[in-house]
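# Structural description and commentary
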2 protein chains.
Amino acid sequence: MKQVVLAAYAKGNPKPSDFRIEEVPVPVAGEREILLRTLWLAVDPLIRFSLDEKLLSGATRMELGAVMVGPTVCEVAASNHPDYAVGDVVEGRSGWQEYAVVAPDQSDYRGPPRKVDSSLAPVSTALGALGGPGQTAYEGIVNVGKVKAGETVVISAAAGAVGSIAGQIVKVLGGRAVGIAGGASKCAALLDLGFDAVADYKAPDFADQLKAALPDGAEVYLDNVGGDVTLAVLPHLKRGARMPMCGFIAYYGVGMEGPGPDHLPGFYRQIMAKALEIKGFAGIFAGKKGLEDIAGWMKDGKIRFAESVVEGLDAAPQAFSSVFSGHDHVGKLLVRVAPEA
Amino acid sequence: MKQVVLAAYAKGNPKPSDFRIEEVPVPVAGEREILLRTLWLAVDPLIRFSLDEKLLSGATRMELGAVMVGPTVCEVAASNHPDYAVGDVVEGRSGWQEYAVVAPDQSDYRGPPRKVDSSLAPVSTALGALGGPGQTAYEGIVNVGKVKAGETVVISAAAGAVGSIAGQIVKVLGGRAVGIAGGASKCAALLDLGFDAVADYKAPDFADQLKAALPDGAEVYLDNVGGDVTLAVLPHLKRGARMPMCGFIAYYGVGMEGPGPDHLPGFYRQIMAKALEIKGFAGIFAGKKGLEDIAGWMKDGKIRFAESVVEGLDAAPQAFSSVFSGHDHVGKLLVRVAPEA
């Protein structure tokens, strides 16, 4: 079987040559273990934090040569554990490899592999709308952003896994969703998903587009990006606006100590001038309630999931690297490692 | 009479040569106007925003040659207005001059000059503990920070007008107050005011001092500073900590477009990693309730005001400039323009 291992710690944005593909024997499940066959793997930008030689507080540094970590959807190929049967589809964090042995009894704080209900939606949505990104969107819009009907919500990285769901949740709540994305095709996809207005941060007239999309400002800014996009949004926020913050991909490549854009004074000034309320959060707190609500909205046709699929484990390093340079995918970026049965 | 006018727009931190002292005739009060004789003038770092050639959004740019704006405590020297009698002491924003004519009916959003009750405390406290700085401290600790008994609160610029009151309010509420200030004498003054622990940001072992002062982290950080001090504090905040933010003096000299410390990535990372809740605010919202509470605590001996006095209008430019380079004063920095009657 194949697996992707870390060949070099990332400097700045990760590149395909930071990874290496190795062939190893398929492992064997021991007592109370299960053998998973990877179907889908999620390209998760947060993994970047584990690829730094100089560690960020909180992240776990990967060893060189170790199998890349990351969320997956797998089929149980063999089971020595009473809770899992061969053929079950589960979501877990078994990494970038074709097979993995997992001990459900020894799971970390994320819990044992979670069974995926394939009757609801394609199992790949367990990595997107019905997984971490969906929870993050829900937490940001519902619990932290506390979006109310009639409010305008700006969303950065709106074509991403989180943003594309977040904008649709805004619409469910009766708000106005304004998405920021890079490129005309992504912006068109957002309008198709129901966003009320969009602004293309790669367009020369981005500032004008943003102004036109926000004639009366915004009450909430779901920030996933930071950097120039955020600095462009801040002046459009209303006094007392809420800014749930779930990511800052503009800075992931900078590293803990590295130089970054010298934006802090302007950022601070806007926090003060607008009396902004900023709240960092992680999606995990949305919990089951968030996923149940999203599943219900999907069933009612109010929320559509968006996915972009890359074929084969070999393509994972390139797909991962592309996330940091403004790729062209809409929705959750997935690697199909093996076809579903 | 003398007045201080703006001679040059500030570049970076203001310097005394940005100002000029002029002699002009004492003005005469017209119909429904009052003539004020300045007793005290407050050195207010926020004025920095009005001294930039490139304006910040929200601030009003001063014209070159105009009299410096700023809060004052004055005695009514002549009155053509029924609400004010000669001898009344008022707090207003009559600027850096020995006399000023004010039209109470044409006041801005701050309202007409506010009469000062001299029975409660020295009238100069209308510019400090019982004025804007007191309101800011109250708003930050009580309304935005929502400090509860048993919580640890870190305060930057703790020896300043806001910080010195804020720490004492923390104690009134049953919290633990940790102050950050520059220099051993300021730190000693904070302990004398009742702070539980201090850290000297100018000391070579600042990081160790901070660690020792915060063995269990902190629930709240009242930030008045930004910059390196804030980046040093962030790692000590507990998950979900609140960060009421009422100023960022580290960046005031940077200007809207100027280069600044490239701190934003680290700042963002901590917002996320700690799920911080940051809220910009201005003290004015604390309103009368805040001032009444502070006055009551002062009467009960629970809060002491701290002031540092510089003598004479001529000294104002130097005093103002010193605020941006880490001066040695404790409490509200005041210029005594004329002796009280």
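Residues numbered from 1 in each chain as written. Chains lettered and ligands numbered in written order. Predicted model: local features only at pLDDT ≥ 70, side-chain atom pairs only at ≥ 80, totals over all residues. Heavy atoms only, no water.

Moving on to the overall build of chain A. Across its full length, chain A carries nine helices and 15 strands. Expected size for 341 residues packed as a compact globule is a radius of gyration near 20 Å; at 20 Å, chain A falls within 12% of this value. Here the C-alpha coordinates of chain A stretch approximately 60 × 45 × 35 Å along the principal axes. When contacts within chain A are restricted to residue pairs at least 6 apart in sequence, long-range pairs at least 24 apart make up 68% of them. Each charge sign in chain A was given a centre, from 33 positive and 39 negative side chains, and these centres are 6 Å apart. (Helix = DSSP H or I, 4+ residues; strand = E, 2+ residues; numbered from the N terminus. Rg over C-alpha atoms; globule rule 2.2 N^0.38 Å. Contact = heavy atoms within 4.5 Å. Lys, Arg positive; Asp, Glu negative; His and termini not counted. Charge placed at Lys NZ, Arg CZ, Asp CG, Glu CD.)

Here chain A is described as being made up of domain 1 (2-128 + 305-336) and domain 2 (132-288 + 293-299). Taken over C-alpha atoms, the centre of domain 1 of chain A sits 27 Å from the centre of domain 2 of chain A. (Domains from an automatic or database assignment.)

Counted according to the given criterion, the structure contains two cavities of 30 Å³ or more. Per-element tally for the lining of the largest cavity: the top contributor is helix H2 (residues 161-172) of chain A, with three residues. In terms of residue class, the lining of the largest cavity is built from five nonpolar, three polar and two charged. Both domains that meet at the lining of the largest cavity, namely domain 1 (2-128 + 305-336) and domain 2 (132-288 + 293-299) of chain A, each give it at least three residues. Its volume calculated, the second largest cavity comes out at about 40 Å³. As for the second largest cavity, its lining consists of B:Gly128, B:Ala129, B:Ala161, B:Ser164, B:Ile165, B:Phe305, B:Ala306, B:Glu307 and B:Lys332. (1 Å grid on protein atoms, 1.4 Å probe; cavity = no way out; pocket = protein on both sides within 12 Å on 5 of 7 lines; lining within 4 Å. Points joined across faces, edges and corners; volume = space filled by probe spheres on them. Nonpolar A, V, L, I, M, F, W, Y, C, P; charged D, E, K, R; others polar.)

This paragraph deals with unusual backbone geometry. Its identity is not glycine, yet A:Ala157 carries a phi of approximately 50°, on the positive side. Looking at the element boundaries, A:Ala157 is found in the loop between strand E8 (152-155) and H2. A:Ala157 sits in the partly exposed class, given a relative accessible area of 29%. Within the chain, B:Arg32 stands out as a residue other than glycine whose phi angle is a positive 55°. Structurally, B:Arg32 can be placed in the loop between strand E2 (19-23) and strand E3 (34-42). (Buried < 20%, exposed > 50% of the residue type's maximum accessible area, 1.4 Å probe, protein only.)

Our next topic: the pairing of E3(B). Note on strand geometry: in a regular strand, side chains alternate between the two faces of the sheet. All names here are of chain B. Across the nine residues that make up E3, a large majority, nine, are buried. Taken together, the seven bridges between E3 and strand E4 (residues 72-79) define a ladder with antiparallel strand orientation. Following the sheet pairing, Leu 36 is matched in E4 by Val 76. Bridging between E3 and strand E6 (residues 99-102) involves four bridges; their strand directions are antiparallel. Each residue of the ladder has a partner; that of Arg 37, found in E6, is Tyr 99. As paired elements, E3 and strand E15 (residues 332-336) share three bridges and run antiparallel to each other. Its bridge partner being in E15, Ala 42 is matched across the sheet by Leu 334. (Pairing = 2+ DSSP bridges.)

What follows is about helix H8 (residues 287-299) of chain B. All names here are of chain B. The first and last C-alpha atoms of H8 sit 19 Å apart over 13 residues, in line with the 18 Å expected at 1.5 Å per residue. On its buried side, H8 packs onto strand E7 (114-115), helix H1 (132-144) and helix H2 (161-172). A positive backbone phi angle near 75° is found at Gly 301, which sits one or two residues after H8. (Expected span 1.5 Å × (residues − 1).)

Glancing now at the packing of H1(B) against H2(B). How two helices pack is summed up by the angle between their axes together with the distance between the axes. Residue and element names in this part refer to chain B. Direction vectors running N to C along H1 and H2 enclose 45°, while the axes themselves pass 8 Å from each other. On the basis of the axis angle, H1 is oblique to H2. The way H1 lies across H2 gives a crossing that is right-handed. Contacts between H1 and H2 involve Pro 133, Gly 134, Thr 136, Ala 137, Tyr 138, Ile 141 and Val 142 on the former and, on the latter, Ala 161, Val 162, Ile 165, Ala 166, Ile 169 and Val 170. Taken together, the residues of the contact of H1 with H2 break down into eleven nonpolar, two polar and no charged. (Axes fitted to C-alpha atoms, helices over the stretch in contact; angles between N-to-C directions. Parallel < 35°, antiparallel > 145°, perpendicular 65-115°, else oblique. Left-handed = near helix turned anticlockwise from the far one by under 90°.)

It is worth spelling out the side chain of A:Asp293 at this point. Residues and elements named next belong to chain A. Note that Asp 293 resides in helix H8 (residues 287-299). At 2.4 Å, the side chain of Asp 293 forms a polar contact with the side chain of Tyr 138. Of the polar contacts made by the side chain of Asp 293, one reaches the side chain of Lys 289; its length is 2.7 Å. (Polar contact = N/O pair within 3.5 Å; in protein donor to acceptor, adjacent residues only side chain to side chain.)

Turning our eyes to something else, we now look at the environment of A:Ala158. All names here are of chain A. Tracing the chain through its elements places Ala 158 in the loop between E8 and H2. Distance in space between the C-alpha atoms of Ala 158 and Gln 270 is 22 Å, their sequence separation being 112 residues. Dropping the residues within four chain positions of it, Ala 158 is found in contact with Gly 163, Ser 164, Gly 179, Ile 180, Leu 190 and Phe 195.

Moving on, we get to the nonpolar core. If you look at the biggest cluster of nonpolar residues, it comprises 54 residues, and the most contacted ones within it are A:Phe267, A:Ile278, B:Phe267 and B:Ile278. Residues contacting B:Ile278, with those up to four places away along its chain left out, are A:Ile271, A:Leu276, A:Glu277, A:Ile278, B:Met243, B:Met245, B:Phe267 and B:Ile271. (Core = buried A, V, L, I, M, F, W, Y, C linked by side-chain atoms within 4.5 Å.)

So, about the sheet that holds strand E11 (residues 218-222) of chain A. Strand order in this open sheet of twelve strands is E10(A)-E9(A)-E8(A)-E11(A)-E12(A)-E13(A)-E13(B)-E12(B)-E11(B)-E8(B)-E9(B)-E10(B), and the pairing throughout is mixed. Looking at strand neighbours, the two that pair on one side only are strand E10 (197-200) of chain A together with strand E10 (197-200) of chain B, the edges of this open sheet. Averaged over all pairs of adjacent strands, the angle between their axes in this sheet comes to 15°, without regard to strand direction. Where E8(A) lies against E11(A), three bridges are found, and the strand directions are parallel. Of the residues in E11(A), the one forming a bridge with A:Val154 is A:Tyr221. Strands in contact with helix H3 (residues 184-193) of chain B are strand E9 (176-181) and E10 of chain B; relative to E10(B), the strand with the most contacts, it is inclined by about 170°.

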